[in-house]
Amino acid sequence: MNTTVILKTEHLYKKYGSLQAVHDLSLEIYEGEVFGFLGPNGAGKTTSINMMCGLLKPDSGTVTIHGKPVTNHDSTTRSRVGVCPQEIVLWERLTCLEQLIFIGQMYGIPTTIAHQRSERLLEELDLVEKRNKQARTLSGGMQRRLNLAMALVHDPEIVVLDEPEAGLDPQSRVKVREYIHSLARRRTVILTTHDMDEAERLADRVAIIDHGSLLVLDTPQELKKRAGSGDILEISLRSTPSEPLSQLIQAMLSTLPGEPRFTCSGNQITLRVLDGANVLPSVLSILTNLQVGVEDIHLRANSLEDVFIHLTGRRLRE
């Protein structure tokens, strides 16, 4: 992977009243990579992105693109970035083609070139048949794809996607994921998400942030190694065990081979074990002997959700 730094933040801070939205954020983003911001809602992802794009002035700290500071007064540097916001922003009575040409003209692109790029983007995002339809007639998934095209029509070096799969139907989600993959290496893609699967599928590197602070930054594979090796057994019990029973369950499960790690939240048990498929019968035997009813069991591989739990002690969506 190319390790030439295209965007760099140093000691970014942003506060809203008593809320510290972003706290001492320093990171580097490489040319041509898909860079993921992973964190729960309210973690500071969108605020961070807005400062990177020059849309929001930090209280302190700097953002540079190719070593040049980004400010809200520097339209040349900011034009290197295309932003697709979480909330869909369209002119309802303009057609898809008119929207794209208009955005291109706003960036100073000659109409002929803007028209050519618009037609190409409509084809790439499977919107050709809707080129002359008003935006208000499109489905939510089509509107999201049109918003993505609008972020690209001025041919930016960096594309920022804020929760790009939010509210999408399965078909549109696959389409958007495929398109983001196609952008990789041709452009630098920065995406924010609280969807672990989305980040793991798309991102070359992931920054996990919480309460405005950067917790870790690495490839998904390396981050999962930090959380520990093994499989994850997720067990739903028929009822929430009492504290003494929960402690007894943990004591019994800790006797399994490989020093398993145990967490219990309500009626949910999460167990990290080596060779989960072979350990499962022993787990069920322990729970049966303790007269603990099991509702459901799910065996899966390590994920970025487990990384977040490892770092914070809670699930991403709690």
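Look a little higher up for the structure.
Owing to the predicted nature of the structure, the values given are computational and were not obtained by experimental measurement.

The next thing to look at is the overall build of the chain. Per the secondary structure count, the chain includes 11 helices and 14 strands. If you line up the chain on its principal axes, its C-alpha atoms span 75 × 45 × 40 Å. A burial count over the chain gives 46% of its 318 residues as buried. For the chain, the proportion of contacts with a sequence separation of at least 24, taken over those separated by at least 6, is 69%. Just so you have it, the chain exposes about 15400 Å², and 49% of that area is on carbon and sulfur atoms. Taking the 35 positively charged and 40 negatively charged side chains of the chain as two groups, their mean positions are separated by 5 Å.

Turning our attention to the pairing of strand 13 (residues 268–273). Here strand 13 lies mainly inside the structure; five of its six residues are buried. Here strand 11 (residues 231–237) runs beside strand 13; their pairing, made up of six bridges, is antiparallel. Counted as the bridge partner of E234 is T270 from strand 13. With five bridges joining them, strand 12 (residues 261–265) and strand 13 adopt antiparallel strand pairing. Each bridged residue has a counterpart across the sheet, and for S265 the counterpart in strand 13 is Q268. Where strand 12 hands over to strand 13, the hairpin turn is made up of two residues, of which G266 adopts a positive phi near 65 degrees.

Here we take up the packing of aromatic side chains. Tallying each qualifying case throughout the model produces two aromatic pairs. Taking the centre distance of 5.1 Å and the plane angle of 80 degrees together, the rings of W91 and F102 count as edge-to-face. Here the residue W91 occupies a position in the loop between strand 6 (81–84) and helix 3 (96–106), and F102 occupies one in helix 3, the gap between them amounting to 11 residues. Its end group placed over the ring of Y30, R205 keeps NZ or CZ at 4.0 Å from the ring centre.

Here the focus is the packing of helix 3 against helix 5 (residues 140–152). Running from amino to carboxyl end, helix 3 crosses helix 5 at an angle of 25 degrees, the nearest separation of the two axes being 9 Å. It follows from the interaxial angle that helix 3 and helix 5 lie roughly parallel. The element helix 3 and its partner helix 5 pack so that their crossing is right-handed. Counted together, C96, Q99, L100 and I103 of helix 3 and L146, A149 and M150 of helix 5 form the full contact between these two elements. Counted by class, the contact of helix 3 with helix 5 contains six nonpolar, one polar and no charged residues.

The subject of this paragraph is a nonpolar patch on the surface. Taken together, the side chains of W91, F102, M106 and Y107 make up a nonpolar region of the molecular surface, amounting to roughly 420 Å² of accessible area. Within the element layout of this structure, Y107 appears in the loop between helix 3 and helix 4 (111–124). For Y107, a relative accessible area of 41% translates into the label partly exposed.

This part takes up the sheet that holds strand 2 (residues 19–30). If you walk across this open sheet you meet the four strands as 2-1-4-5, and the pairing is antiparallel. At either margin of the open sheet sits one strand with a lone partner, and together these are strand 2 and strand 5 (68–69). Pairing of strand 1 (residues 5–16) with strand 2, which is carried by eight bridges, proceeds in the antiparallel orientation. Following the sheet pairing, K15 is matched in strand 2 by Q20.

The rules behind each value
- Residues numbered from 1 in each chain as written.
- Predicted model: local features only at pLDDT ≥ 70, side-chain atom pairs only at ≥ 80, totals over all residues.
- Heavy atoms only, no water.
- Helix = DSSP H or I, 4+ residues; strand = E, 2+ residues; numbered from the N terminus.
- Buried < 20%, exposed > 50% of the residue type's maximum accessible area, 1.4 Å probe, protein only.
- Contact = heavy atoms within 4.5 Å.
- Areas by Shrake-Rupley, 256 points an atom, 1.4 Å probe, with all protein chains shown as cover.
- Lys, Arg positive; Asp, Glu negative; His and termini not counted.
- Charge placed at Lys NZ, Arg CZ, Asp CG, Glu CD.
- Pairing = 2+ DSSP bridges.
- Phe/Tyr/Trp six-rings, centres within 6.5 Å; stacked < 30°, edge-to-face > 60°.
- Lys NZ or Arg CZ within 6 Å of the ring centre and 35° of its normal.
- Axes fitted to C-alpha atoms, helices over the stretch in contact; angles between N-to-C directions.
- Parallel < 35°, antiparallel > 145°, perpendicular 65-115°, else oblique.
- Left-handed = near helix turned anticlockwise from the far one by under 90°.
- Nonpolar A, V, L, I, M, F, W, Y, C, P; charged D, E, K, R; others polar.
- Patch = residues over 30% accessible without salt bridge, like charges linked within 9 Å, V, L, I, M, F, W, Y side chains within 5 Å.
- Salt bridge = Lys/Arg side-chain N within 4 Å of Asp/Glu carboxyl O.

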